[in-house]
Amino acid sequence: MKLIRKKFKDIIEILGFDITHDSIKDTPDRVAKMYVNEIFKGINPVNKPKVTVFKNEYGYHTPLMELNIPFTSFCEHHFVPIQGKANIGYIPKDYVIGLSKIHRLVDFYARRPQVQERLTMQILQEISLILDTEDVGVVLKANHSCISCRGVKNMGSSTLTSVFRGKMDNDPNLKAILLDKNYQ
Ligand SMILES: Nc1nc2c(ncn2[C@@H]2O[C@H](COP(=O)(O)OP(=O)(O)OP(=O)(O)O)[C@@H](O)[C@H]2O)c(=O)[nH]1
Ligand SMILES: [Zn+2]
């Protein structure tokens, strides 16, 4: 945090701002705290959520879909936000996962400089590992600020990524559920 504070102070000064100004003097500190404790907190493995799983005593072996999970990530090319929603589905074997933990895992992998393809795969791999099942699907639909706020400056487009494994890949109806919800 100390190093980021120092470097960000340099950037502010290079841009020609008065670092002693009342409104800006604490900005290097604010940015350092924001990077480490908030928007890039997923870089630190210590912040990985503790995931609770339960024995599947119910014999539930059909899909569970967690839909419209909001996330904010950051484009690793431009360090500006990627904001979107995730739809995640899996077919339980011996264990089920606490629902909120799916949200926490999405947040953990989002809170670092990312590309959407990697974020999609990291979520898939983590859910698969934790639940010991290959029957997982992950769909992300997001808006990239590097497309809307700069560069081509095209507002309103979105980026859809999806990966389906095992039974989630074999059943077009299951895939359609995860994909369709993202178009709402
Ligand atoms: N595949 C992929 N590309 C991304 C993602 N986020 C941003 N990009 C793209 O990364 C590319 C970086 O391209 P560069 O040519 O190096 O950067 P740039 O000159 O700022 O590009 P422009 O955005 O076209 O102005 C751009 O085309 C971005 O749209 C992502 O999640 N996945
Ligand atoms: Zn970008």
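This text gives an overview of the structure that appears in the document. (Residues numbered from 1 in each chain as written. Chains lettered and ligands numbered in written order. Predicted model: local features only at pLDDT ≥ 70, side-chain atom pairs only at ≥ 80, totals over all residues.)

**A closer look at the environment of E76**
- The residue E76 is located in the loop between strand 2 (64–75) and strand 3 (81–90) in this model.
- Distance from E76 to P113, taken between C-alpha atoms, is 4.3 Å for residues 37 residues apart in sequence.
- Apart from the residues lying within four places of it in its own chain, the contact partners of E76 are P113, Q114 and V115. (Helix = DSSP H or I, 4+ residues; strand = E, 2+ residues; numbered from the N terminus. Contact = placed C-beta atoms within 7 Å.)

**Section: the site of ligand 1**
- In the vicinity of ligand 1, the contacting residues are C75, H77, V115, Q116, E117, H144, C146, I147 and G151.
- Those elements that provide at least two residues to the shell around ligand 1 are helix 4 (116–131) and helix 5 (145–148).
- Along the lines of polarity and charge, the residues of the shell around ligand 1 split into 4 nonpolar, 4 polar and 1 charged. (Near = placed C-beta within 6 Å. Nonpolar A, V, L, I, M, F, W, Y, C, P; charged D, E, K, R; others polar.)

**Let's talk about the packing of helix 3 (residues 99–110) against helix 4**
- Their axes nearest at 10 Å, the elements helix 3 and helix 4 cross at an angle of 140 degrees. Between helix 3 and helix 4, the angle falls in the class oblique. The interaxial crossing formed by helix 3 with helix 4 has right-handed handedness. Contacts between helix 3 and helix 4 involve L105, V106, Y109 and A110 from the first element and L119, Q122, I123 and E126 from the second.
- Grouping the amino acids of the contact of helix 3 with helix 4 by side-chain chemistry returns 6 nonpolar, 1 polar and 1 charged. (Axes fitted to C-alpha atoms, helices over the stretch in contact; angles between N-to-C directions. Parallel < 35°, antiparallel > 145°, perpendicular 65-115°, else oblique. Left-handed = near helix turned anticlockwise from the far one by under 90°.)

Treat this as a map of the structure, not an account of what it does.
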